[in-house]
Amino acid sequence: MSIALFRRICGAESVRGCGMRFGLRLVTSFAGLVIAGAVGLAAVVGLGTREQDLAASVASARLAATAIQARNAEIGRVVRDYALWSEAYRNIYPTVNVEWVYDGANYGSNIYESLGYEYVFIIDAAGGTPYAVDRGEIVPVDASEVIGHGLQRLLRQARSRGGRDGQPAVGAVTVAGRPALAAAVMVFPHDDTVAGATTETAPLLVFVDVLDEEVVRKIAADYLLNDLEFELVLSARPGHWASPPLVGADDAQLGWLRWRPERPGTVLLHAALPWLGAAAAGLLLLIILTGRSLRRAAVTVAASEERFRDVATSSSDWIFETDRELRLTYVSGRFEEVTGIPAHAVLGRSLAAVVRPIDSASGGCTSVTRGTARAPLRDLRATVRDAGGRQRTLRLACLPILAPDGRIDRFRGAATDITNEVEAKARAEFLSLHDPLTGLPNRLMFAERLAEVVAVARVEARSSAAFISTSTSSRRSTTRWAIRSVTGSCATSPHGCAPWCAAPTWSPGWAATSSPSSCPAAAAWTRRRRSAVGPSWQSPSRSTWKGRLST
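Once a new chain begins, its residue numbering starts again from 1 and follows that chain's sequence as written. Local features in this predicted model are restricted to residues whose pLDDT is 70 or higher, and side-chain atom pairs enter the listing and the counts only when it is 80 or higher, whereas totals over whole chains, interfaces and linings include all residues. With hydrogens and water stripped out, all remaining heavy atoms of the structure feed into the side-chain values.

Topic: the overall build of the protein chain
- The numbering of helices and of strands both runs from the N terminus, where a helix is a DSSP run of H or I of at least 4 residues and a strand a run of E of at least 2. Along its length, the protein chain carries 15 helices and 19 strands.
- Here the analysis covers contacts within the protein chain between residues at least 6 apart in sequence; of these, 55% occur between residues at least 24 apart.
- Note on areas: Shrake-Rupley with a 1.4 Å probe; residue coverage comes only from the protein chains shown. A total of about 30,500 Å² of accessible surface is found on the protein chain, and carbon and sulfur atoms cover 57% of it. Between two residues, a contact is recorded if the distance between any of their heavy atoms is within 4.5 Å.

Here it is in structure tokens:
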């Protein structure tokens with residue numbers, strides 16, 4: 001669809017039947033490649049952006065898990081330090097010494113004020129809560145009423161791990177609708193100064209750290225977690241927020257740990273997207289302008305080709321092209337119209353085998369037929385035989401096409417059929433020198449021949465003579481004449497005149513003879529004429545015999 005739109009924008013659909021359509025197809029294909037490349041680049045950039053964001057999210061998730069683990073380890077270490085103490089065991093078991101525990105600032109307000117833990121519970125072996133502190137104040141409350149999820153499992157784990165080397169049980173719980181971290185450990189003497197201490201009867205010490213906003217901000221600042229929050233109910237947030245589940249001590253999901261991880265890929269994309277968009281827009285504009293320029297060029301070329309076709313069709317010329325070996329590679333349709341020979345019948349044949357030069361002595365046609373012409377040649381004459389065997393006369397114009405290295409690459413030319421023109425000219429020349437009724441030579445030919453013979457005689461220092469025979473009958477009047485340079489030999493006179501032998505006995509200048517007998521040649525011709533015509537033939541009068549002797 002985008003390619004079709006591009007073709008409409010460039011106007012390529014309006015160009016039909018032109019030589020530039022290939023260029024338009026090329027530009028359209030290039031535009032398609034550019035669009036496909038842009039789409040592929042966008043996909044690659046999108047995938048790269050997503051991968052970078054995902055990697056940053058995974059890294060921040062590791063930081064979040066590390067933050068929770070560090071918080072768990074911290075509260076577990078603190079509660080263990082307060083529980084494994086012989087003095088504490090003696091003041092808590094079997095009854096809680098409030099004066100020592102609270103007033104002595106051992107498990108009292110100092111836990112909240114110095115450590116930030118909101119709740120402190122002492123739980124006996126029966127599960128009761130003889131001592132509870134809420135944010136530094138003693139409160140008569142049971143631990144199960146404050147801690148929602150995971151308390152019983154947490155207490156079982158702490159009792160199973162109790163003893164002199166006991167380890168705390170730490171896990172996530174809920175307190176008053178908020179997530180919290182709880183750590184439980186058995187209060188047990190750290191030495192042998194207390195007799196009769198057992199793990200079955202020893203009390204448990206529980207510290208609770210509520211993950212309020214202040215704690216969350218501290219964790220977020222320490223571990224570079226943007227907008228960190230703990231939620232018991234997953235609220236609406238953008239899809240790119242990280243939301244790993246918060247699992248309690250009883251393996252139940254208490255809520256979600258939410259934060260906004262860094263998105264370096266998206267940041268980079270937002271920074272580079274305007275520049276990429278500008279570059280893509282510029283490239284697209286360049287392609288469109290190129291397409292429009294090609295369209296205008298295509299329209300111009302189409303009009304030129306149409307004019308060329310009209311001229312080639314309406315004229316008598318036929319166009320040809322050869323390779324460097326003068327083998328015909330193209331002839332236009334007029335060739336078949338002129339000669340009757342199909343164009344395909346001459347393709348591949350040599351130009352010299354199709355047309356035969358007339359004026360090869362000038363070197364023009366010879367240079368073409370030999371493939372040596374390097375300049376345009378015009379008005380070359382050649383002949384070609386058409387399908388009916390008639391010889392037609394052509395006027396050739398030939399242009400050699402040179403390769404970049406200067407060698408002749410091919411020839412292009414045009415041939416004009418001038419057969420009718422040549423025949424008409426020959427007919428006009430014949431009529432100008434001959435009588436139109438009898439077809440015999442007229443005075444103009446006589447004068448031309450006489451002038452030629454006299455000129456030759458003057459140049460070659462020879463004599464010349466003219467002999468004219470005129471006969472008149474009831475049907476027609478004919479004149480026969482002969483001109484001969486005096487050489488002492490016999491020759492055949494032009495246009496069928498009788499042979500005669502001129503004798504150098506005449507006087508210079510114009511002379512009139514009384515009879516043909518004064519000239520041996522004339523006498524011999526008279527005798528032959530009388531024997532051929534018969535008794536009715538009369539000898540020419542004096543006025544019909546004229547001669548001129550030139551030296």
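Here we look at the packing of aromatic side chains
- Two aromatic rings from Phe, Tyr or Trp, using only the six-membered ring of Trp, form a pair when their centres are within 6.5 Å; if the ring planes differ by under 30 degrees the pair is stacked, by over 60 it is edge-to-face, and anything between is tilted. Counted under the stated rule, the structure contains 10 aromatic pairs.
- Considering the side-chain rings of tryptophan 318 and phenylalanine 320, the 5.8 Å spacing of their centres and the 55 degrees angle between planes classify their relative orientation as tilted.
- Three or more aromatic residues joined by ring pairs make a cluster, and in this case those are Tyr82, Trp85, Trp100, Tyr107, Tyr117 and Phe207.

Describing the pattern of salt bridges
- Salt bridges are defined as contacts in which a side-chain nitrogen from Lys or Arg sits within 4 Å of a carboxyl oxygen from Asp or Glu. Inspection of the entire model under this criterion finds 19 salt bridges.
- Among the salt bridges present, the one from aspartate 409 reaches arginine 324, with a minimum N-O distance of 3.6 Å. In this pair, aspartate 409 sits in strand 15 (residues 408-417) while arginine 324 sits in the loop between strand 10 (317-323) and strand 11 (328-331), placing the two residues 85 residues apart along the sequence.
- Throughout, exposure labels follow a simple rule: accessible area from a 1.4 Å probe, protein chains only, divided by the maximum for the residue type, with under 20% read as buried, over 50% as exposed, and the rest as partly exposed. The exposure class of aspartate 409 is partly exposed, given its relative accessible area of 24%.
- A relative accessible area of 35% means that arginine 324 is categorised as partly exposed.
- A salt bridge links aspartate 417 to arginine 392; its shortest N-O distance comes to 2.7 Å. Here aspartate 417, found in strand 15, pairs with arginine 392, found in strand 14 (residues 391-402); they are 25 residues apart in sequence, far enough to count as distant. You'll find aspartate 417 and arginine 392 in the same group, each marked buried.
- Through salt bridges with shared partners, a single network forms among Glu321, Arg324, Asp409, Arg410 and Arg412.

Examining the pairing of strand 15
- Most of strand 15 is tucked away, with seven of its 10 residues classed as buried.
- By the bridge criterion, seven bridges tie strand 10 to strand 15 in an arrangement that is antiparallel. Bridge pairing links tryptophan 318 to alanine 415 in strand 15.
- DSSP bridges decide pairing: two strands pair if at least two such bridges lie between them. In the sheet, strand 14 pairs with strand 15 via nine bridges, with the strands oriented antiparallel. Across the sheet, the residue bridging to leucine 399 is arginine 412, located in strand 15.

So, the sheet that holds strand 4 (residues 169-175)
- Read across the open sheet, the six strands follow the order 3-2-1-6-5-4; overall the sheet is antiparallel. Every interior strand has two partners, whereas the edge strands, strand 3 (137-138) and strand 4, have only one.
- Note on geometry: axes are lines fitted to C-alpha atoms, helical ones only across the stretch in contact, with angles between N-to-C directions running from 0 to 180 degrees. Contacting strand 1 (119-123), strand 4, strand 5 (178-186) and strand 6 (204-210), helix 7 (residues 151-160) runs over the sheet at an angle of about 25 degrees to strand 5.

Some points on the sheet that holds strand 13 (residues 377-385)
- Pairing within the open sheet is antiparallel, and its six strands lie in the order 11-10-15-14-13-12. The sheet terminates laterally at strand 11 and strand 12 (356-357), the two strands that pair on one side only.
- Helix-sheet contacts for helix 13 (residues 419-433) involve strand 13, strand 14 and strand 15, and the interaxial angle to strand 14 is about 130 degrees.

Overview of the nonpolar core
- In this structure, Tyr107, Phe121, Val175, Leu205, Phe207 and Val208 are the most contacted members of the largest nonpolar core, which totals 49 residues.
- Not counting chain neighbours up to four residues away, the residues in contact with valine 208 comprise Ile75, Tyr117, Glu118, Tyr119, Phe121, Ile147, Val175, Ala180, Leu181 and Ala182.
- We define a nonpolar core as any set of buried Ala, Val, Leu, Ile, Met, Phe, Trp, Tyr and Cys residues linked to one another through side-chain atoms lying within 4.5 Å. Core analysis: the next-biggest nonpolar cluster, separate from the first, contains 22 residues, Ala343, Val354, Leu380 and Leu396 among them.

Here we look at unusual backbone geometry
- A cis amide bond links tyrosine 93 with the next residue in sequence, proline 94, at an omega value of 5 degrees.
- Checked against the element boundaries, proline 94 lands in the loop between helix 3 (86-92) and helix 4 (98-103).
- Positive phi, normally seen in glycine, also occurs at alanine 105, with a value near 60 degrees.
- Within the secondary structure, alanine 105 is located in the loop between helix 4 and helix 5 (109-115).
- According to the relative accessible area criterion, alanine 105 is partly exposed, its value standing at 44%.
- A positive phi is found at leucine 326, a non-glycine position, where the angle reads about 65 degrees.
- Among the structural elements, leucine 326 can be located in the loop between strand 10 and strand 11.

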